[in-house]
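If you want the building blocks of each chain, they are given just below.
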Amino acid sequence: MPENDDQSILDLIGRPESRNRGFELLVHTYQERIYWLIRRIVFRHEDTDDVVQNVFLQVWLHLDSFRRDSRLFTWIYRIAVNEAIRWQKKNRLHHWISFSSMERELGNILVSDPGYNGTEVEFKLQKALLHLPFKQRLVFQMKYMESLKYEEMSAILGTSVGALKASYHHAVKKIERFLANH
Amino acid sequence: MTERIASKSGFRIPDGYFEHLPAYILDHITTGGRQRIHAIRVPFPVIRMEITAALCAGIILASLAIFLVITRDSGIFYGSDKGILLSADLPEYLNLEEATLIECLASEIPGPLLSFNGDEKITVELDGEQYTKDEIIDYLIERDLPVPVTNELTISAIINSNN
């Protein structure tokens, strides 16, 4: 999304008479990207829906504190990542749970979720992703599935570009190993 | 074959979800105040006939799979593994190779480097714990510390982060 579009959204939000319209436009503009970021982490549509709504609620509540020194997208994405992490912790699906139990639980979600109809290869890739530490998984998803630039990811995650490149590299290697052995 | 897996990776959403979401969120925020909003429940249609059909298809496919495995082992139909997507082919299918990095930003890595290969264990003196190469990588990544791409890893970063 071009920055001048961000600007028009923020201008609308900045005027009391058009604040609601501006916010609706903001949700409309970013909802899909935020939705898919979170869906790939929490898997189930209903859980994703909860988290997405929390994200936009947080955005609404803190709009006045947005300092505009980063892109609107980057700011919203950071909130989304934080909310996804909060959800992970709340649901005890963080990576320190043994791989087997975590894989089993999320694998069960995929199998039983009527909202998942991936092919065998897609399912295998999802399982491989579950073997990555949470942050590495996030980095892989942002880069591979959402094609974000390292600079954007760096601004969102607060991690250096070098560390992100290395993280992505190692994620790919681990996925390759997983796919070769399973 | 080499195109990336679709970004949505098999997940689907109820029809019309994104059309309703902005107005729904705005409505709750402006009328309901600031409490947590609960999910829009747009149920997926589940039809009994579909389930029955899926079960039948599953049984047929399972039988077919068993038959194919048996015939494959006996060499009846297969002269080679061509046409079967083997696990080893998956990275190529997923186009993961394109993503492999070559560069290592060594300048970002503080302290002396420790070289080792494979999954051998090394001891970090500070806490006496033993880590494999992968565990050290995970440790560094989780703490936003630079991780080299080559086989060389630094443990000084771990020690520094524990101080």
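Definitions and limits used
Residues numbered from 1 in each chain as written. Chains lettered and ligands numbered in written order. Predicted model: local features only at pLDDT ≥ 70, side-chain atom pairs only at ≥ 80, totals over all residues. Heavy atoms only, no water. Helix = DSSP H or I, 4+ residues; strand = E, 2+ residues; numbered from the N terminus. Buried < 20%, exposed > 50% of the residue type's maximum accessible area, 1.4 Å probe, protein only. Contact = heavy atoms within 4.5 Å. Areas by Shrake-Rupley, 256 points an atom, 1.4 Å probe, with all protein chains shown as cover. Expected span 1.5 Å × (residues − 1). Salt bridge = Lys/Arg side-chain N within 4 Å of Asp/Glu carboxyl O. Phe/Tyr/Trp six-rings, centres within 6.5 Å; stacked < 30°, edge-to-face > 60°. Axes fitted to C-alpha atoms, helices over the stretch in contact; angles between N-to-C directions. Parallel < 35°, antiparallel > 145°, perpendicular 65-115°, else oblique. Left-handed = near helix turned anticlockwise from the far one by under 90°. Nonpolar A, V, L, I, M, F, W, Y, C, P; charged D, E, K, R; others polar. Patch = residues over 30% accessible without salt bridge, like charges linked within 9 Å, V, L, I, M, F, W, Y side chains within 5 Å. pLDDT = per-residue confidence, 0-100.

The next thing to look at is the overall build of chain A. When its secondary structure is counted, chain A shows nine helices and zero strands. N-terminal to C-terminal, the α/β element order of chain A is α-α-α-α-α-α-α-α-α. Looking at chain A residue by residue over its 182 residues, the buried ones come to 59%. Looking at chain A alone, contacts between residues at least 24 apart form 61% of all its contacts between residues at least 6 apart. Accessible area of chain A: about 7,500 Å², with a carbon and sulfur share of 49%.

Quick look at helix H3 (residues 45–62) of chain A now. Under the 1.5 Å per step criterion, the end-to-end length of H3(A) is 26 Å for 18 residues, consistent within 8% with the ideal 26 Å. Counting buried positions along H3(A) gives 14 out of 18 residues, so the element sits mostly inside the fold.

Moving on, we come to the pattern of salt bridges. Side chains carrying opposite charge are able to pair once their charged atoms draw close together. Residue and element names in this part refer to chain A. If you walk through the whole model with that rule in mind, you get seven salt bridges over all chains. A salt bridge links Glu-17 to Arg-15; the nearest nitrogen and oxygen atoms lie 3.7 Å apart. With a relative accessible area of 64%, Glu-17 lands in the exposed category. Using a relative accessible area of 40% as the deciding quantity, one classes Arg-15 as partly exposed. A salt bridge links Asp-64 to Arg-19; the nearest nitrogen and oxygen atoms lie 3.7 Å apart. Pair noted here: Asp-64 is in the loop between H3 and helix H4 (72–90) and Arg-19 is in helix H2 (residues 19–42), with a separation of 45 residues, a long-range link.

What follows deals with the packing of aromatic side chains. Under the criterion given, the structure shown has ten aromatic pairs over all chains. Considering the side-chain rings of Tyr35(A) and Phe18(B), the 5.3 Å spacing of their centres and the 85° angle between planes classify their relative orientation as edge-to-face. Taken together, the residues span two chains, with Tyr35(A) in helix H2 and Phe18(B) in helix H1 (residues 17–32). Considered together, Tyr35(A) and Phe18(B) belong to a single accessibility category, that of buried residues.

Before going further, it helps to examine the packing of helix H7 (residues 134–145) of chain A against helix H9 (residues 161–181) of chain A. For any two helices packed against each other, one specifies the inter-axial angle together with the distance between the axes. Residues and elements named next belong to chain A. For the pair H7 and H9, the least separation of the axes is 9 Å and the interaxial angle reads 95°. As far as their axial angle goes, H9 and H7 are roughly perpendicular. Here Gln-136, Val-139, Phe-140, Lys-143 and Tyr-144 of H7 come into contact with H9, specifically with Leu-164, Ser-167, Tyr-168, His-170, Ala-171, Val-172, Lys-174 and Ile-175.

Once that is clear, we can look at the packing of H3(A) against H4(A). Residues and elements named next belong to chain A. For the pair H3 and H4, the least separation of the axes is 9 Å and the interaxial angle reads 130°. Classed by the angle they form, the pair H3 and H4 counts as oblique. Where H3 crosses over H4, the handedness of that crossing is right-handed. Only Trp-75, Ile-76, Ile-79, Ala-80, Glu-83, Ala-84 and Trp-87 of H4 make contact with H3, whose side of the interface consists of Asp-47, Val-51, Asn-54, Val-55, Gln-58, Val-59 and His-62. Among the residues forming the contact of H3 with H4, the class breakdown is nine nonpolar, three polar and two charged.

Another point: the environment of Asp64(A). Overall, the relative accessible area of 68% leaves Asp64(A) in the exposed class. Taking the C-alpha atoms as reference points, Asp64(A) and Gly14(A), 50 residues apart in sequence, are found 8.7 Å from one another.

Next up on the list: a nonpolar patch on the surface. Where nonpolar side chains cluster on the molecular surface, the patch consists of Leu61(B), Leu64(B) and Phe67(B) and spans about 300 Å² of accessible area. With relative accessibility at 43%, the residue Phe67(B) sits in the partly exposed group.

Residue and element names in this part refer to chain A. Phi is positive for Phe-43, which is not a glycine, with a value near 75°. Among the secondary structure elements, Phe-43 is positioned in the loop between H2 and H3. In the Ramachandran plot, Ser-147 falls in the positive-phi region, its phi being about 55° despite a non-glycine side chain. Locating Ser-147 in the fold gives a position in the loop between H7 and helix H8 (150–157).

Here the focus is the confidence of the model for chain B. Residue and element names in this part refer to chain B. On average, residues of chain B carry a pLDDT of 60, and 26% of them reach 70 or more. In the model of chain B, helix H5 (residues 156–162) stands out as the element of lowest mean pLDDT, 49, in contrast to H1, which has the highest, 81. Here residues 99–113 is modelled with pLDDT under 50, and outside its nearest four sequence neighbours on either side it reaches 32 contacts, counting other chains as well. Both scores are available for the predicted complex, with the pTM at 0.65 and the ipTM at 0.73.

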